[in-house]
Amino acid sequence: MSTFLRFGLSPVLIALFAMPVWAGDLRVGFATTDITPPVGFRMSGYFFERLSAGTKDPLYVRTMYLEQDGVVAVIAICDLIAIYPEVGQATRAAAEQKFQIPSAHISIAATHSHTGPLYAGVLRDYFHKRAVLAHSTDEREAVNYPGLLQERILASIHDARKNAARAVLATGYAEETRLSFNRRFHMRDGSVRFNPGVQHPDIVRAAGDIDPQIGLVQVLSADDQTPLGLFSSFALHLDTTGGTLYSADYPKILHDRLSERYGQRFVSLFGTGTCGDINHVDVSSQTRRPAEEIGGLLADTILAQLPQLTPRHRARLAVRSGTVNAPLQAYSPERIAQAHSDMAKVGTPDATFLEQVETVKILDVAKRNSPTIPLEVQVYRLTDAAAIVMLPGEVFVDLGLAIKARSPFATTLVVELANDVPAYIPTRKAFAEGSYETVNSLVQSGGGELMVDKAVQLLQELAPGAEVK
């Protein structure tokens, strides 16, 4: 028996102690910064005006800073519905100027919390203009939240860089099958419907899969193996809280549980996996798990798996970014004019839900003022065994599964809602089937598959043995 085993050290710690010190040691830092708006601000997530009445739990941006051999990378994840392009682009440009980090190496993503602020987009613009016309001011926007958000994200990047220390990584997957369900179903009439209702008698079967893997990147101090933070990803929609109180939803519970185990300085950075067609509703059951239970079960599964992770590969940090110019859906000037008129029906009984969704979507397409939409894909190689892929939009689970299946890395975390919000990105199959997500998509059929191909190309460029320039 080795000396390490005689002293009761786990195989993970044995591997860590045995690792040589490399000239190009990885440095990793974390930071957590409050981004909660004032009470009374409009809330996001639904197609009607909803005002915040208080705070259940604060909203944060959590940031991970990585540096090795002159390569610097940042991933910041916000407890928000989305990162609107005007905010994401401006913040990344400002970070590049302030910190000399290439903007292509910076990813700003959202968890998709439905209990955060509505701070940009077509709906916000409509409600804001309506308030100004009626009252000459918009009292719901007493602060410039986009400006505040940019300031706080920059502060978080600054703090994460300041906190950077020599680190080692342990990577892998846990598996969780109890929490996520595909929300699209084949019905007896031959249609496909999203969220048809619990125990609906006409449900035939689910129209798609789930992704049960929880991607894990554990960061430990290279000096004493103290856990510093965890980057995790799981494909589950965040609309599990509801109400009019600000809340970070189930990732907040996950963070708290991990902090209880590893200390208050420990940071849990949660990236939402590709869950455009995944939610927490089990249509076979009348009960629905709340955010507290979901976050707690995720934490239990993760905590059970972390001791099994082994840092077999030294860090080899590199970043690749590429853009796919996907065709936007197209509408005539007359249809766009009709959508402007129909905005008065949004949030009222005067139009069906899907009619309201399409009205907002058409104006979002028109606002882009281009025949195509740039879908930026970022790939972060951490080691020869692990990589993180960052994608824009609410991406269907099969697209994320396709990236993971074709990835040359043993562990590949695929995270959605990064840098832009082109609404849903369904598969070609889903576009043929129809229903809510395809109505609420800006891209044409095939745009998601183009994005998959780009992600796989970038992963292959960074694959073990590839020459990275």
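1. Some thoughts on the overall build of the protein
Item 1. For the protein, the count of helices and strands is 13 helices and 21 strands.
Item 2. Taking 469 residues into account, the globule formula puts the C-alpha radius of gyration at 23 Å, and the protein, at 22 Å, falls close to it.
Item 3. Its C-alpha atoms give the protein principal-axis dimensions of roughly 75 × 50 × 45 Å.
Item 4. Relative to its full complement of 469 residues, the protein shows a buried share of 57%.
Item 5. In the form shown here, the protein has an accessible surface area of approximately 18,700 Å², with 51% of it arising from carbon and sulfur atoms.
Item 6. For the protein, the centre of its 44 positive side-chain charges and the centre of its 50 negative side-chain charges are spaced 3 Å apart.

2. Section: the nonpolar core
Item 1. Counting 82 residues, the largest nonpolar core has Leu80, Tyr119 and Val389 as its most contacted members.
Item 2. Beyond its immediate chain neighbours, meaning those up to four positions away, Val389 contacts Val377, Gln378, Val379, Ile403, Thr412, Leu413, Val414, Val415, Ala455 and Leu459.
Item 3. By size, the runner-up hydrophobic cluster in this structure holds 29 residues, among which are Ala235, Leu258, Ile278 and Leu306.

3. As for the pattern of salt bridges
Item 1. All chains considered together, the criterion is met by 28 salt bridges.
Item 2. For the salt bridge of Asp384 with Arg316, the shortest nitrogen-to-oxygen distance reads 2.8 Å. With Asp384 in the loop between β17 (372-383) and β18 (386-390) and Arg316 in strand β16 (residues 315-327), this residue pair connects regions lying 68 residues apart in the sequence.
Item 3. The class for Asp384 is partly exposed, based on a relative accessible area of 25%.
Item 4. Using a relative accessible area of 24% as the deciding quantity, one classes Arg316 as partly exposed.
Item 5. When salt bridges that share partners are traced, they join Arg42, Glu49, Arg124, Asp125, Arg130, Asp138, Glu141 and Lys367 into one network.

4. Structural notes on the sheet that holds strand β20 (residues 411-415)
Item 1. Here we have four strands laid out as an open sheet, ordered β16-β17-β18-β20, and mixed in their pairing. Edge positions in the sheet fall to β16 and β20, since each of these pairs with one other strand and no more. Each neighbouring strand pair of the sheet contributes to a mean axis angle of 15°, computed without reference to strand direction.
Item 2. As paired strands, β17 and β18 are joined by five bridges and run antiparallel to one another. The residue bridging Arg381 from the neighbouring strand is Ala387, located in β18.
Item 3. Taken strand by strand, helix α13 (residues 447-461) contacts β16, β17, β18 and β20, and its axis lies near 155° from that of β16.

5. Remarks on the packing of helix α10 (residues 397-406) against α13
Item 1. In contact at an axis separation of 9 Å, α10 and α13 are set at 25° when each is read in the N-to-C sense. The angle between the axes of α10 and α13 places the two elements in the roughly parallel class. Crossing geometry of α10 relative to α13 is assigned as right-handed. The segment α10 lies against α13, with Leu399, Ala402, Ile403 and Arg406 engaging Gly448, Glu449, Val452, Asp453, Ala455, Val456 and Leu459.
Item 2. For the contact of α10 with α13, a count of residues per class yields seven nonpolar, one polar and three charged.

6. What to know about the confidence of the model for the protein
Item 1. With 94% of its residues at a pLDDT of at least 70, the protein reaches an overall mean of 93.
Item 2. Every residue in residues 1-23 scores below 50 in pLDDT, and together they form 24 contacts with partners more than four places removed in sequence or on other chains.

7. Considerations on the packing of aromatic side chains
Item 1. A full pass over the atoms with the stated rule returns eleven aromatic pairs.
Item 2. Judged by centre distance (5.4 Å) and plane angle (75°), the rings of Tyr424 and Tyr436 are edge-to-face. Highlighted residues: Tyr424 in strand β21 (residues 424-425) and Tyr436 in helix α12 (residues 436-439), separated in sequence by twelve residues. Tyr436 carries the same exposure label as Tyr424, and that label is buried.

8. A look at unusual backbone geometry
Item 1. If you check the backbone angles, His112 has positive phi at about 85° while not being a glycine.
Item 2. Topologically, His112 is positioned in the loop between β5 (106-110) and α4 (121-135).
Item 3. Residue classification places His112 among the buried residues on the basis of a relative accessible area of 5%.
Item 4. Unusually for a residue other than glycine, Gln225 sits at a positive phi of about 65°.
Item 5. Among the secondary structure elements, Gln225 is positioned in the loop between β11 (213-221) and β12 (227-234).

9. Side note on the packing of helix α6 (residues 250-262) against helix α7 (residues 291-305)
To describe two helices that pack against each other, one gives the angle between their axes and the distance between the axes.
Item 1. Between α6 and α7, whose axes approach to 7 Å, the crossing angle comes to 45°. Considering their axes alone, α6 and α7 lie oblique with respect to each other. In terms of crossing hand, the pair formed by α6 and α7 is right-handed. Where α6 abuts α7, its residues Tyr250, Ile253, Leu254, Arg257, Leu258, Arg261 and Tyr262 lie against Ala291, Glu292, Ile294, Gly295, Gly296, Leu298, Ala299, Asp300, Ile302 and Leu303.
Item 2. Counted by class, the contact of α6 with α7 contains eleven nonpolar, two polar and four charged residues.

10. Thoughts on the side chain of Asp420
Item 1. Along the chain, the position of Asp420 falls in the loop between β20 and β21.
Item 2. Classification of Asp420 as buried rests on a relative accessible area of 9%.
Item 3. Looking at Asp420, its side chain comes within polar contact range of the side chain of Arg368, at 3.0 Å.
Item 4. In contact with Asp420, not counting residues within four places along its chain, are Ile83, Pro85, Arg368, Ile373, Pro374, Pro392 and Gly393.

11. Considerations on α7
Item 1. The terminal C-alpha atoms of α7, which comprises 15 residues, lie 21 Å apart, in line with the 21 Å expected from a rise of 1.5 Å per residue.
Item 2. Looking at the packing, one finds that the buried side of α7 touches β6 (165-175), β11, β12 and α6.

Calculation rules
- Residue numbers here run from 1 along each chain, matching the order of that chain's written sequence.
- Only residues with pLDDT of 70 or above have their local features reported here, since the model is predicted, and side-chain atom pairs are shown and tallied only from 80 upward, although totals for entire chains, interfaces and linings are computed over all residues.
- By convention in this description, side-chain values take in all heavy atoms of the structure and omit both hydrogens and water.
- Runs of E in the DSSP output that reach at least two residues are strands. Runs of H or I that reach at least four are helices, and both are numbered from the N terminus.
- Computation of the radius of gyration draws on C-alpha atoms alone. For the globule rule, the value is 2.2 Å times the number of residues to the power 0.38.
- Note on classification: 1.4 Å probe, protein chains only; a residue is buried when its accessible area is under 20% of the maximum for its type, exposed when over 50%, partly exposed between these limits.
- Residue-level accessible areas treat just the shown protein chains as cover; the underlying method is Shrake-Rupley with a 1.4 Å probe.
- Counted as positive: Lys and Arg. Counted as negative: Asp and Glu, with His and the chain ends omitted from the count.
- Here the site of a charge means NZ on Lys, CZ on Arg, CG on Asp, or CD on Glu.
- Residue types Ala, Val, Leu, Ile, Met, Phe, Trp, Tyr and Cys, when buried and joined through side-chain atoms within 4.5 Å, form a set referred to as a nonpolar core.
- We call two residues in contact when some of their heavy atoms are within 4.5 Å.
- We define a salt bridge as a side-chain nitrogen of Lys or Arg found within 4 Å of a carboxyl oxygen belonging to Asp or Glu.
- Should DSSP find at least two bridges between two strands, the strands are taken to pair.
- Lines fitted to the C-alpha atoms define the axes, with helices restricted to the stretch that makes contact. Angles between their N-to-C directions range from 0 to 180 degrees.
- Should an angle fall under 35 degrees it is called roughly parallel, over 145 degrees roughly antiparallel, and 65 to 115 degrees roughly perpendicular, with every other angle called oblique.
- By definition, any crossing whose near helix is turned counterclockwise from its far helix by less than a right angle is left-handed, and any crossing with a clockwise turn is right-handed.
- Charged means Asp, Glu, Lys or Arg here, nonpolar means Ala, Val, Leu, Ile, Met, Phe, Trp, Tyr, Cys or Pro, and polar covers whatever is left, Gly included.
- As a per-residue quantity, pLDDT reports the predictor's confidence and falls between 0 and 100.
- Aromatic contacts are taken between Phe, Tyr and Trp rings whose centres are within 6.5 Å, Trp giving its six-membered ring; a plane angle under 30 degrees counts as stacked, one over 60 as edge-to-face, and the others as tilted.
- We call two N or O atoms a polar contact when they sit within 3.5 Å, provided that within protein one can donate a hydrogen and the other can accept it, with sequence-adjacent residues counted only if both atoms are side-chain atoms.
- To estimate how far a helix should reach, multiply one less than its number of residues by 1.5 Å.

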